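# Secondary and tertiary structure notes
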Amino acid sequence: MTGKELAAACGFELACGEGDREIDGKIYCCDLLSIVMGRAPADGLWVTVMGNLNSIAVAVLTDTACILLAEGMALDEDARARGSQQEVTVLRTPLPVYEAARTAAKALGVD
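Residues numbered from 1 in each chain as written. Predicted model: local features only at pLDDT ≥ 70, side-chain atom pairs only at ≥ 80, totals over all residues. Heavy atoms only, no water.

A separate point is the nonpolar core. Membership of the largest hydrophobic core comes to 17 residues, with the highest contact counts inside it found for Val 36, Trp 46, Ile 67, Leu 75 and Val 90. Listed by contribution, the elements that provide at least two residues to this core are β1 (13–16), α2 (33–39), α3 (53–62) and β4 (66–69). The dominant element in this core, judged by the number of residues it contributes, is α3, at three residues. In contact with Val 90, not counting residues within four places along its chain, are Glu 13, Leu 14, Ala 15, Cys 16, Ile 56, Ile 67, Leu 69 and Leu 75. (Core = buried A, V, L, I, M, F, W, Y, C linked by side-chain atoms within 4.5 Å. Buried < 20%, exposed > 50% of the residue type's maximum accessible area, 1.4 Å probe, protein only. Helix = DSSP H or I, 4+ residues; strand = E, 2+ residues; numbered from the N terminus. Contact = heavy atoms within 4.5 Å.)

Written out as structure tokens, the structure is:
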């Protein structure tokens, strides 16, 4: 399932990127970027509340397919610009982190 398809299936907002990259079903939840750098799976979905430029850099570094911003957090303008430039898909939801991950897992068929 692509990021765009996940957004449509779950009612998430597409905040950045085209959403064309496939998400392989792995979901990682963490806000501490140094841990995410070493543990987030490539081609997975990363659920976080970090909507800044550093989150885009970590997504590129880890080859994350898609970032899902939970808790209604905004993607700042610098991050949006860099995300578009680096072709990083960012989705948004008002759901808490756990509920966002569970909703995504059901849609991805990994629940």
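Further remarks concern the packing of helix α1 (residues 3–10) against helix α5 (residues 97–108). With their axes 10 Å apart at the nearest point, α1 and α5 run at an angle of 110 degrees to one another. Regarding the angle of α1 to α5, the classification is roughly perpendicular. Crossing of α1 against α5: the hand is right-handed. Contacts between α1 and α5 involve Leu 6, Ala 9 and Cys 10 on the former and, on the latter, Thr 103, Ala 104, Ala 107 and Leu 108. Tallied by class, the residues present in the contact of α1 with α5 amount to six nonpolar, one polar and no charged. (Axes fitted to C-alpha atoms, helices over the stretch in contact; angles between N-to-C directions. Parallel < 35°, antiparallel > 145°, perpendicular 65-115°, else oblique. Left-handed = near helix turned anticlockwise from the far one by under 90°. Nonpolar A, V, L, I, M, F, W, Y, C, P; charged D, E, K, R; others polar.)

Here we take up the sheet that holds strand β5 (residues 89–92). Read across the open sheet, the five strands follow the order β1-β5-β4-β3-β2; overall the sheet is mixed. On the outer flanks of this sheet lie β1 and β2 (27–29), each paired with one strand and no other. Going across the sheet, the axis of each strand differs from the next one's by a mean of 30 degrees, ignoring polarity. Bridge analysis of β1 against β5 gives three bridges, and the strand direction is antiparallel. Each residue of the ladder has a partner; that of Cys 16, found in β5, is Val 90. (Pairing = 2+ DSSP bridges.)

Relative to the helices and strands, Pro 96 resides in the loop between β5 and α5. For Pro 96, a relative accessible area of 31% puts it in the partly exposed group. Distance from Pro 96 to Thr 48, taken between C-alpha atoms, is 9.6 Å for residues 48 residues apart in sequence.

Attention now moves to the pairing of strand β3 (residues 45–48). Side chains of β3 alternate between two faces, with Leu 45 and Val 47 and Trp 46 and Thr 48 buried alike. Bridge count between β2 and β3: three bridges; the pairing is parallel. If you follow Ile 27 over to β3, its bridge partner there is Leu 45. Handedness of the crossover joining β2 and β3 through α2 is recorded here as right-handed. (Right-handed = clockwise from strand over helix to strand, strands pointing away.)

Right, let's talk about unusual backbone geometry for a bit. For Asp 63, which is not a glycine, the phi torsion comes out positive at approximately 60 degrees. With respect to the helices, strands and loops of the structure, Asp 63 is situated in the loop between α3 and β4. Relative accessible area serves as the criterion here: at 38%, Asp 63 is assigned to the partly exposed category. Backbone geometry at Glu 87 places phi at a positive 60 degrees, although glycine is not the residue there.

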